[in-house]
Structures are given as structure tokens and as C-alpha cells.
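Chain by chain, the residues run as shown.
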Amino acid sequence: MPQHVEAIIEERDTKTAVLRGLRRKCPSCGEGHMFVGYLKVADQCPVCREELSHHRADDGPAYLTILIVGHLMGILMHVIFINFRPEPLVMATGFTVGCVALSLYLLPRFKGFIVAMQWAKRMHGFGNA
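Keep in mind that this is a model prediction, so the values were computed, not measured.

What counts, and at which threshold
- Residues numbered from 1 in each chain as written.
- Predicted model: local features only at pLDDT ≥ 70, side-chain atom pairs only at ≥ 80, totals over all residues.
- Heavy atoms only, no water.
- Phe/Tyr/Trp six-rings, centres within 6.5 Å; stacked < 30°, edge-to-face > 60°.
- Lys NZ or Arg CZ within 6 Å of the ring centre and 35° of its normal.
- Core = buried A, V, L, I, M, F, W, Y, C linked by side-chain atoms within 4.5 Å.
- Buried < 20%, exposed > 50% of the residue type's maximum accessible area, 1.4 Å probe, protein only.
- Helix = DSSP H or I, 4+ residues; strand = E, 2+ residues; numbered from the N terminus.
- Patch = residues over 30% accessible without salt bridge, like charges linked within 9 Å, V, L, I, M, F, W, Y side chains within 5 Å.
- Areas by Shrake-Rupley, 256 points an atom, 1.4 Å probe, with all protein chains shown as cover.
- Salt bridge = Lys/Arg side-chain N within 4 Å of Asp/Glu carboxyl O.
- Axes fitted to C-alpha atoms, helices over the stretch in contact; angles between N-to-C directions.
- Parallel < 35°, antiparallel > 145°, perpendicular 65-115°, else oblique.
- Left-handed = near helix turned anticlockwise from the far one by under 90°.
- Contact = heavy atoms within 4.5 Å.
- Nonpolar A, V, L, I, M, F, W, Y, C, P; charged D, E, K, R; others polar.

**Quick word on the packing of aromatic side chains**
Stage number 1. Counted under the stated rule, the structure contains 0 aromatic pairs.
Stage number 2. Geometry around Trp119 places Arg12 over its ring, the cationic atom sitting 4.3 Å from the centre.
Stage number 3. Note that Arg109 overlies the ring of Tyr105, its terminal NZ or CZ placed 3.8 Å from the centroid.

Encoded structure:
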């Protein structure tokens with residue numbers, strides 16, 4: 001930005017934006033849906049018309065999902081095996097279903113989190129007027 005032009009840039013509350021992103025809502029208004037489908041981010045918010053196409057979530061949500069699901073299920077698998085000694089097929093089936101369900105639940109929420117964080121920090125074009 002040129003030195004002779006002074007722009008007033010409003011502060012974006014990161015905590016509010018992140019909480020909205022975790023709910024899969026627009027980080028700006030908190031009303032409009034951030035996604036058009038399961039993981040496709042809308043080009044703009046249907047309510048406030050905030051441009052959302054600048055996001056660069058890439059593989060971040062998948063990495064976070066794997067990190068959280070792997071740690072939770074690993075600990076839970078150890079605890080259940082030590083305390084209950086279930087049949088291997090029962091345990092494998094149960095944890096497969098649990099891992100898939102938890103991954104499908106967390107993935108869009110982590111994507112919303114990352115898009116909202118980028119919006120709040122004015123990254124990747126979100127700061128342009």
C-alpha cells in the first residue's frame with residue numbers, strides 16, 4: 001500500500017471467526033453457509049456476500065483430521081483392548097466404523113476452521129478491499 005494512502009483496516013476477531021468456521025458458517029456474518037456441498041466452499045456467502053473463493057485450505061483439514069482421529073482412536077483402542085479384550089474382528093469392525101464416522105464429522109469442520117482463520121488473518125486475498 002502506498003505511503004500517502006492511509007487505509008483504515010478493521011480488526012477481525014479471530015476467535016469469533018474460528019467458532020463460526022467450526023460451525024461451517026460464514027466467518028464474516030455467521031449466518032450464511034460456508035459450503036455448497038460436503039467440502040466445496042461457496043464462492044461467496046449467500047447472506048452477506050463476503051467473498052470466500054480466496055481460501056487455500058488444501059490438505060490442512062485432512063492432516064488435522066488424521067492427527068486428531070489417529071490419536072483419539074489409538075488411545076481408545078489401547079484402553080478397550082487392555083480392559084475388555086474383545087474379539088479381533090469385533091474390535092476391527094467397531095474401530096473402522098468409528099474412524100470413518102469421526103473423520104466424516106471432523107473434516108468439514110476443520111476446513112471451516114482453516115478458511116475462517118485465513119479470513120480473520122487476511123491471508124490469501126481476504127484482506128483486499
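**What about the nonpolar core?**
Stage number 1. Judged by nonpolar contacts, Ala17, Met34, Phe35, Val41, Leu52, Ala57, Ile114, Val115, Ala116, Trp119, Ala120 and Phe126 together constitute the single largest core of 12 residues.
Stage number 2. The leading source of residues in this core is helix H3 (residues 88-120), at 5 residues.
Stage number 3. Grouped together as the second largest cluster of nonpolar side chains are 6 residues, Val69, Met91, Phe95 and Leu106 included.

**Re a nonpolar patch on the surface**
Stage number 1. Residues Tyr38, Val100 and Leu104 make up a contiguous nonpolar surface patch of about 280 Å² in total accessible area.
Stage number 2. By the element assignment, Val100 lies in helix H3.
Stage number 3. With a relative accessible area of 45%, Val100 lands in the partly exposed category.

**So, the packing of helix H1 (residues 14-22) against H3**
Stage number 1. Interaxial distance between H1 and H3 falls to 7 Å at its minimum, and their mutual angle equals 150°. Put simply, H1 runs roughly antiparallel to H3. For the pair H1 and H3, the sense of crossing is right-handed. Residues Thr14, Ala17, Val18, Gly21 and Leu22 of H1 pack against Arg109, Gly112, Phe113, Ala116, Met117, Trp119 and Ala120 of H3.
Stage number 2. Of the residues that constitute the contact of H1 with H3, the class distribution is 8 nonpolar, 3 polar and 1 charged.

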